[in-house]
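# Coordinate inspection notes
Listed here are the chains, written in short residue letters.
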Amino acid sequence: LKAYMLLSLCVIVWGSNFIFGKMLVQAFSPGTFSPTILTMLRLLFIVLFLVILTFIKKQFKRVNKSDLLAIIFLGVVGVFINNGPFLKVQTADSTTSALILATAPILTGFLAALFLKEKLTLKSLIGSLVA
């Protein structure tokens, strides 16, 4: 039951990203906060939360430099390329933005098949459609 409650909380928080992102973009007059700054602030607060949680749980592990570079690169790709355009699209409603970003599992599956030569199985195609 605890796992399902945490998963539900995760979905609620993730889903609210679209609504609050749209509200933040509309709330600030042009030039006050750019979508890039809002994205950076969002990332900053997420990182701070995760670092505090890691120290509370005493599960902090050292990361070697090559892995750290990969993490930073993936963070830039994941945050700015994913959320940056979402915040820039000020004319789209939050539902449209959510639907566009919800295609990520499908795109990931096709890119994995294209670049990593993973097989697209019926199970993965059905899972992508459900997602």
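Residues numbered from 1 in each chain as written. Predicted model: local features only at pLDDT ≥ 70, side-chain atom pairs only at ≥ 80, totals over all residues. Heavy atoms only, no water.

## What to know about the overall build of the chain
- The helix and strand tally for the chain stands at six helices and zero strands.
- Secondary structure elements of the chain, listed N to C terminal, follow the sequence α-α-α-α-α-α.
- Within the chain, the fraction of its 131 residues that count as buried is 15%.
- Taking the intrachain contacts of the chain between residues at least 6 apart in sequence as the baseline, contacts between residues at least 24 apart amount to 68%.
- When the accessible surface of the chain is split by element, carbon and sulfur atoms take 76% of a total near 10,700 Å². (Helix = DSSP H or I, 4+ residues; strand = E, 2+ residues; numbered from the N terminus. Buried < 20%, exposed > 50% of the residue type's maximum accessible area, 1.4 Å probe, protein only. Contact = heavy atoms within 4.5 Å. Areas by Shrake-Rupley, 256 points an atom, 1.4 Å probe, with all protein chains shown as cover.)

## Here we look at a nonpolar patch on the surface
- The grouping of I37, M40, L41, L44, F45 and L48 at the surface amounts to a nonpolar patch, some 540 Å² of accessible area in total.
- Note that L48 resides in helix α2 (residues 35-57). (Patch = residues over 30% accessible without salt bridge, like charges linked within 9 Å, V, L, I, M, F, W, Y side chains within 5 Å. Salt bridge = Lys/Arg side-chain N within 4 Å of Asp/Glu carboxyl O.)

## Points about unusual backbone geometry
- Phi angles above zero are rare outside glycine, and K117 is one such case at about 60°.
- Its place among the elements puts K117 in the loop between α5 (104-115) and α6 (122-130).
- Judged by relative accessible area, K117 falls into the exposed class, the value being 66%.

## Comments concerning the environment of N17
- Looking at the element boundaries, N17 is found in helix α1 (residues 2-27).
- For the pair formed by N17 and A98, sequence separation is 81 residues and the distance between their alpha carbons is 8.9 Å.

## A short note on α1
- Taking 1.5 Å as the rise per residue, α1 with 26 residues should run 38 Å; its terminal C-alpha atoms sit 36 Å apart, in good agreement.
- Within α1, the full set of buried residues consists of S16, N17, F18, G21, K22 and V25. (Expected span 1.5 Å × (residues − 1).)

## Quick notes on the confidence of the model for the chain
- Put simply, the chain has an average pLDDT of 79, and 85% of its residues get 70 or more.
- The secondary structure element of the chain with the lowest average pLDDT is helix α4 (residues 94-101), at 72, and the one with the highest is α5, at 84. (pLDDT = per-residue confidence, 0-100.)

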